[in-house]
Amino acid sequence: MRFLGNIEAKTDTKGRAFLPAPFRKVLAASGESTLVLRKDVFESLLVLYPVSAWDELVDTMRRKLSRWDRRQQMAYRTFVSNVAELTIDASGRILIPRGFLDMAGISQSIRFVGMGDTIEIWPADNMETMNKEDFGSVLEEAMKEEEQ
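First, a word on what this report is: a plain description of the structure on this page. No experiment lies behind these values; they were computed from the predicted model shown.

Description of the overall build of the protein chain
At step 1: Summing up its helical and strand segments, the protein chain has five helices and eight strands in all.
At step 2: The helix and strand sequence of the protein chain, counted from the amino end, reads β-β-α-β-β-α-α-β-β-α-β-β-α.
At step 3: Its C-alpha radius of gyration of 16 Å places the protein chain within 12% of the 15 Å reference for a compact globule of 148 residues.
At step 4: Expressed as a percentage of its 148 residues, the buried residues of the protein chain come to 36%.
At step 5: Residue pairs in contact within the protein chain that sit at least 24 positions apart in sequence constitute 61% of those at least 6 positions apart.
At step 6: Entry remark: accessible area of the protein chain is about 9400 Å², with carbon and sulfur atoms responsible for 51%.
At step 7: Positive and negative charge centroids in the protein chain, built from 20 and 23 side chains respectively, lie 7 Å apart.

Regarding the environment of Lys 64
At step 1: Mapped onto the elements, Lys 64 comes out in helix α2 (residues 51-64).
At step 2: Between the C-alpha atom of Lys 64 and that of Leu 46, which follows or precedes it by 18 residues, the distance is 24 Å.

Considering the pattern of salt bridges
Two side chains with opposite charge may pair up if their charged atoms get near one another.
At step 1: Inspection of the entire model under this criterion finds four salt bridges.
At step 2: Among the ionic pairs, Arg 111 bridges to Glu 8, the shortest N-O distance being 2.7 Å. Here the residue Arg 111 occupies a position in strand β7 (residues 109-114), and Glu 8 occupies one in strand β1 (residues 6-10), the gap between them amounting to 103 residues.
At step 3: Take Arg 111: its relative accessible area is 18%, and that puts it in the buried class.
At step 4: A relative accessible area of 47% places Glu 8 in the partly exposed class.
At step 5: As a salt-bridge pair, Arg 93 and Asp 89 come within 2.9 Å of each other at their nearest N and O atoms.

Conventions and cut-offs
- Residues numbered from 1 in each chain as written.
- Predicted model: local features only at pLDDT ≥ 70, side-chain atom pairs only at ≥ 80, totals over all residues.
- Heavy atoms only, no water.
- Helix = DSSP H or I, 4+ residues; strand = E, 2+ residues; numbered from the N terminus.
- Rg over C-alpha atoms; globule rule 2.2 N^0.38 Å.
- Buried < 20%, exposed > 50% of the residue type's maximum accessible area, 1.4 Å probe, protein only.
- Contact = heavy atoms within 4.5 Å.
- Areas by Shrake-Rupley, 256 points an atom, 1.4 Å probe, with all protein chains shown as cover.
- Lys, Arg positive; Asp, Glu negative; His and termini not counted.
- Charge placed at Lys NZ, Arg CZ, Asp CG, Glu CD.
- Salt bridge = Lys/Arg side-chain N within 4 Å of Asp/Glu carboxyl O.

Structural data, given as structure tokens:
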């Protein structure tokens, strides 16, 4: 499952937004109908996980984080508890809960960004933060490490 692209959209007054058609097609082809929503760990944005990607991530975290280490257990608890399950309605919309929109600083204009196995939801007017890091240097450093 690979989500690709950067698509602008809007939410209505209830927080509903049309999930872009290319992303719906990927989900349909994978037989996914439920998404897990959580705020990103590092940025003021939201992340949509297809249930299969969410389950894989949570299983990996559970294996790596000890139940017997207080800090690790709190990190795991915080990660898995601050989520919402979303379904795509018959019109192709998702309902983003108001609390999540507020956490990410989203008013009405949003941008869906395909990130491979997840979809990010950015405030459309905040996309410049996505490009502030010198991504060429970061990629160069990371890929050099991979080659060694």
